[in-house]
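Structural overview
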Amino acid sequence: MTAPHQKTNSLRSGPDASGHFGQFGGRFVAETLMPLMLDLDEAYKKAKDDPAFQKELKRYLRDYVGRPSPLWHAQRLSKTLGGAQIYLKREELNHTGSHKLNNVMGQILLARRMGKTRIVAETGAGQHGVATATVCALFGMECVIYMGATDVERQKPNVFRMHLLGAKVTPVTAGAGTLKDAMNEAMRDWVAHVDNTYFLVGTVAGPHPYPAMVRDFQSVIGDEARVQIQEQTGRLPDGIIAAIGGGSNAMGIFHPFLDDLDVPLYGVEAGGLGMKSGKTAASIAQGVPGVLHGNRTYLLQDSDGQITEAHSISAGLDYPGIGPEHSWLHEIGRVHYVQATDQEALDAFQQLTRLEGIIPALESAHAVAYACHLAPTLNKDKNLIVNLSGRGDKDVPTVAAHLGVKL
Amino acid sequence: MSRIKACFDALKKEERGALIPYLEAFDPDRETSLSLLNGMVDAGADIIEVGIPFSDPSADGPTIQLAAQRGLKAGATLAGVLEMITQFRHTHKTTPIVLMGYFNPIDRYGVERFCKDAAQAGVDGLIIVDLPPEEADIIRPHIRAHHLDLILLTAPTTPDDRLKHILKDATGFVYYVTITGITGTNSATEEQLTQAMTRLRRATSLPVVAGFGITTPEQARSASKITDGAVVASAIIKEMAATFQDGKATEKSIPTALAKIRSLAQAVRS
């Protein structure tokens, strides 16, 4: 069994000291926030190197989040597809039902170390909001969640969960009332309450050190999967597939494998109504590099540099950008960025549910959809890992509506 | 000599600070904002800040957010904003124009082409809200080549050693964001501002102007005395926007904005 290791010229060594992955990333924030970003960077570096912090995090991940998550050989799905064997990394079994808690747990421990008492966060589908509200309840901290008004409407159960957990959910009506607008509003709150407030970012985007920090906290997914697949099959996998909105679950499972150049990595963007429809959330396929929310990355934007609205059936993928490390991995060709449409995700959602008894989140269903496309092209002795980043209970009303079923 | 330097030199002789009103380009339409821009000079503006509408103005409060949305709806583009400035310059040769905006539209336009076209249009300085000095190398050479000033932001959160570090290459003037917050929401006390100025004067010999949260003529007067100038943005836009009907300008819109500017101009001269 080989452990992940740092090589010279490792692809795992980024970002540089100023937070850049090649031309991407960086710290594009107003001066009011800049000193905070530098402080956060310092605080995170210290925590990362502190064995006591890592030990505390490990304990919470094991006893509260429920890690390690299993790696499940989906035999019926594999047999039906008739090609490569599919292994599901079961992040949907984490407490709160998705990979989000891995990152949130790390950051809340950091916020406590920094003496912050108030947490603000943005959320799209509500998974990150629920995870954040959960740890705020656990540690008795004030919690304000910004959520686009459109998302508040389409994710009502998660809004109520956050209320139950004691968080204040503030609907954002600016723009289209989705994730990017919630992100703007969370930044505005943070800039106005810098003394006591910690901005708990939910994905591998934003100004440095957020992309690197969130990736580090999510890398537990890939670290575990790397050991588990070797225990079960005796070798590294022949491909890893993960869905991408901002890209945190994908970055988490990819990162420990970046230097294993024989392992192809597939990031699945939301193809929405189809690549020719113009209604997608596929920032890499249909965007160009630009600057938003503190970092340079691929963005959906018009020819005047105005950010355009993303579209996906999945509220969690409905974001016009992508984490800067993904943009870099795309540019150097290490990760293949591919797409799955709303319809393909819906089909995969039902197929996985019927064949494995696992209801995936619509986000994760995009990864399953690509696996359904890729697996039949490979031999039966090949192994693919699919990151099942979240459970789909929250999406049941959306899926029912698309299938014409009235609940 | 640059228009900005000439302006502050003249103000020094008058022993007063600058009034720097702000308008959002194309809010609520091109003609109205161009008329307002032209009218600002006679109303007593010393320098004018022109906002470039952006879809995601994350450092701005609700007033400027809405102004930006109206501007975009009216068809604002970066090229369109520069055309406005070109037209303004036909009749107004000396009042400095500072463009304020976010980096992405400039990045998309191309930093080199933008600096060239902005200088040609008669722009004097640039405030790029989300481009801190650490990321500014991408545009600095072009700014220098075209004799523009990159106006740097400083904030209450900026520590002394950082002030010195970021202001050592600053040109034009320094913009002090008086509050930790977004535009148009709160205001600093005279005492806070005085203390901040002590810190800033130690770090730079450039003029320092105060902005974010200056609303009334009294606040503008006080801020322009403590610093070298007061930026007023949201307060003007708010009063003007109150005259709009269904998001469109009415005959009261421009007079209302100019009356507000006149009252501010009077205050900084008293």
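Residues numbered from 1 in each chain as written. Chains lettered and ligands numbered in written order. Predicted model: local features only at pLDDT ≥ 70, side-chain atom pairs only at ≥ 80, totals over all residues. Heavy atoms only, no water.

Quick look at the overall build of chain A now. From N to C terminus, chain A includes 16 helices and 14 strands. Computed over the C-alpha atoms, the radius of gyration of chain A is 19 Å, within 12% of the 22 Å expected from 2.2 N^0.38 for a compact globule of 407 residues. A principal-axis box enclosing the C-alpha atoms of chain A has dimensions of 55 × 50 × 45 Å. The buried share of chain A, taken over its 407 residues, is 66%. Of all intrachain contacts in chain A linking residues separated by at least 6 positions in sequence, the fraction that spans at least 24 positions is 73%. For chain A, the exposed area adds up to about 14,300 Å²; of that, 52% sits on carbon and sulfur atoms. Positive and negative side-chain charges of chain A, numbering 39 and 42 respectively, have mean locations separated by a distance of 5 Å. (Helix = DSSP H or I, 4+ residues; strand = E, 2+ residues; numbered from the N terminus. Rg over C-alpha atoms; globule rule 2.2 N^0.38 Å. Buried < 20%, exposed > 50% of the residue type's maximum accessible area, 1.4 Å probe, protein only. Contact = heavy atoms within 4.5 Å. Areas by Shrake-Rupley, 256 points an atom, 1.4 Å probe, with all protein chains shown as cover. Lys, Arg positive; Asp, Glu negative; His and termini not counted. Charge placed at Lys NZ, Arg CZ, Asp CG, Glu CD.)

Glancing now at the pattern of salt bridges. Residues and elements named next belong to chain A. Scanning all chains against the criterion turns up 40 salt bridges over all chains. In this structure, Lys45 and Glu42 form a salt bridge, with 3.4 Å as the shortest nitrogen-oxygen distance. Of this pair, Lys45 and Glu42 both sit in helix α1 (residues 34-48), separated by 3 residues, roughly a single helical turn. Its relative accessible area of 39% is what places Glu42 among the partly exposed residues. (Salt bridge = Lys/Arg side-chain N within 4 Å of Asp/Glu carboxyl O.)

Attention now goes to the pairing of strand β6 (residues 142-148) of chain A. Residues and elements named next belong to chain A. Among the 7 residues that make up β6, 6 are buried, leaving the element largely enclosed by the rest of the structure. For the crossover from strand β5 (residues 118-123) across helix α5 (residues 127-139) to β6, the handedness is right-handed. Pairing between β6 and strand β7 (residues 168-172): 5 bridges, direction parallel. Residue pairing in the sheet places Gly148 in a bridge with Val172 of β7. (Right-handed = clockwise from strand over helix to strand, strands pointing away. Pairing = 2+ DSSP bridges.)

To continue, consider the side chain of Asn383 of chain A. Within the secondary structure, Asn383 of chain A is located in strand β14 (residues 383-388). Ignoring any residue separated from it by four or fewer positions in sequence, one finds Asn383 of chain A in contact with Gln85, Tyr87, Thr233, Arg235, Pro237, Asp238 and Gly239 of chain A.

The interface is formed by 36 residues belonging to chain B together with 39 residues belonging to chain A. Approximately 2,700 Å² of surface area, both sides summed, lies buried where chain B meets chain A, with 51% of it carried by carbon and sulfur atoms. Considering only the surface of chain B that becomes buried against chain A, Asp56, Arg108 and Glu135 of chain B emerge as the three largest contributors, covering 23% of it. Here chain B is connected to chain A by 3 salt bridges. Asp56 of chain B is paired through a salt bridge with Lys180 of chain A; the nearest N and O atoms lie 2.9 Å apart. Run the count over chain B and chain A and you get 17 residue pairs in polar contact (both at pLDDT 80 or more). Residue assignment for the side of chain B that touches chain A shows that the elements contributing at least two residues are α3 (62-73), α5 (103-109), β6 (152-154) and α8 (160-167) of chain B. Considering every element that reaches the side of chain B that touches chain A, the biggest residue donor is α5 of chain B, with 5 residues. Residue classes in the side of chain B that touches chain A are distributed as 17 nonpolar, 11 polar and 8 charged. (Buried area = accessible area lost by both parts, 1.4 Å probe. Polar contact = N/O pair within 3.5 Å; in protein donor to acceptor, adjacent residues only side chain to side chain. Nonpolar A, V, L, I, M, F, W, Y, C, P; charged D, E, K, R; others polar.)

Within this structure, the stated rule accounts for 13 aromatic pairs over all chains. Over the ring of Phe257 of chain A we find Arg226 of chain A, and its NZ or CZ is 5.7 Å from the ring centre. Positioned above the aromatic ring of Tyr109 of chain B, the side-chain terminus of Arg113 of chain B is 3.8 Å from the ring centre. (Phe/Tyr/Trp six-rings, centres within 6.5 Å; stacked < 30°, edge-to-face > 60°. Lys NZ or Arg CZ within 6 Å of the ring centre and 35° of its normal.)

Within the secondary structure, Thr154 of chain B sits in strand β6. Among the residues examined, Thr154 of chain B registers a relative accessible area of 0% and is labelled buried. As for Thr154 of chain B and Pro132 of chain B, which are separated by 22 residues in sequence, their C-alpha atoms are 9.8 Å apart. If near-sequence neighbours (up to four positions away) are discounted, Thr154 of chain B is found in contact with Glu31 of chain A together with Leu163, Ile166, Leu167, Val174, Tyr175, Tyr176, Val177 and Leu200 of chain B.

Moving on, we get to helix α1 (residues 3-14) of chain B. Residue and element names in this part refer to chain B. The end-to-end C-alpha distance of α1, which contains 12 residues, comes to 17 Å, matching closely the 16 Å that a straight helix rising 1.5 Å per residue would cover. Along α1, the positions that sit buried rather than exposed are Ile4, Cys7, Phe8 and Leu11. For α1, the angular spread of buried residues about the axis comes to 90°, placing them on one side. In this structure, α1 carries Lys12 and Lys13 as exposed residues pointing more than 90 degrees from its buried face. Packing partners of the buried residues in α1 comprise β1 (18-24), β3 (97-101), β4 (125-128), β5 (149-150) and β8 (208-211). Of the residues trailing α1, Glu15 is marked for its positive phi of about 55°. (Expected span 1.5 Å × (residues − 1). Arc of directions from axis to C-beta.)

Moving on: the environment of Ser78 of chain A. Residues and elements named next belong to chain A. Among the secondary structure elements, Ser78 is positioned in helix α3 (residues 75-81). Separated by 293 residues in the primary sequence, Ser78 and Ala371 have C-alpha atoms spaced 9.6 Å apart. Not counting residues up to four positions away in its chain, the partners in contact with Ser78 are His73, Gly83, Ala84, Gln85 and Ile86.

Turning our attention to the packing of α8 of chain B against helix α9 (residues 190-203) of chain B. All names here are of chain B. Two elements in contact, α8 and α9, have axes whose closest approach is 9 Å; the angle formed by their N-to-C orientations is 45°. Overall, the two elements α8 and α9 adopt an arrangement that is oblique. Viewed along their axes, α8 and α9 form a crossing whose handedness is right-handed. Contacts between α8 and α9 involve Asp160, Leu163, Lys164 and Leu167 from the former and Arg199, Leu200, Arg202 and Ala203 from the latter. When the residues that make up the contact of α8 with α9 are grouped by side-chain class, the tally is 4 nonpolar, no polar and 4 charged. (Axes fitted to C-alpha atoms, helices over the stretch in contact; angles between N-to-C directions. Parallel < 35°, antiparallel > 145°, perpendicular 65-115°, else oblique. Left-handed = near helix turned anticlockwise from the far one by under 90°.)

This part takes up the nonpolar core. Grouped together as the largest cluster of nonpolar side chains are 88 residues, with contacts concentrated most on Met105, Ile108, Leu110, Tyr198, Phe199, Tyr210 and Phe254 of chain A. Among all residues touching Ile108 of chain A, those that are not within four sequence positions of it are Ile119, Val135, Cys136, Phe139, Met141 and Leu200 of chain A. Of all hydrophobic cores here, the second largest spans 71 residues; its members include Ile128, Leu206, Ala230 and Ala257 of chain B. (Core = buried A, V, L, I, M, F, W, Y, C linked by side-chain atoms within 4.5 Å.)

What follows is about a nonpolar patch on the surface. Residue and element names in this part refer to chain A. A surface patch of nonpolar side chains, about 440 Å² in accessible area, is lined by Ile359, Val396, Leu403, Val405 and Leu407. Of note, Leu403 is situated in the segment after α16 (396-402). In this structure Leu403 comes out as partly exposed when scored by relative accessible area, which is 44%. (Patch = residues over 30% accessible without salt bridge, like charges linked within 9 Å, V, L, I, M, F, W, Y side chains within 5 Å.)

Residue and element names in this part refer to chain A. If you trace the 6 strands from one edge of the open sheet to the other, you get β3-β4-β14-β9-β10-β13, paired in mixed fashion. At either end of the open sheet lies a strand with only one pairing partner, and these are β3 (71-73) and β13 (335-341). In this sheet, adjacent strand axes meet at a mean angle of 30° when their direction is disregarded. Of the pairings in the sheet, the one linking strand β10 (residues 265-272) to β13 comprises 7 bridges and is parallel in character.

This paragraph deals with α1 of chain A. Compared with an ideal rise of 1.5 Å per residue, which puts 15 residues at 21 Å, α1 of chain A spans 21 Å between its outermost C-alpha atoms and is within 8% of the ideal. Listed as buried for α1 of chain A are Met34, Pro35, Leu36, Met37, Leu40, Asp41, Ala43, Tyr44 and Ala47 of chain A.

A word on the confidence of the model for chain B. Of all residues in chain B, 100% have pLDDT values of 70 or greater, and the mean over the chain is 96. Scoring the predicted complex yields pTM 0.96 and, for the interface, ipTM 0.95. (pLDDT = per-residue confidence, 0-100.)

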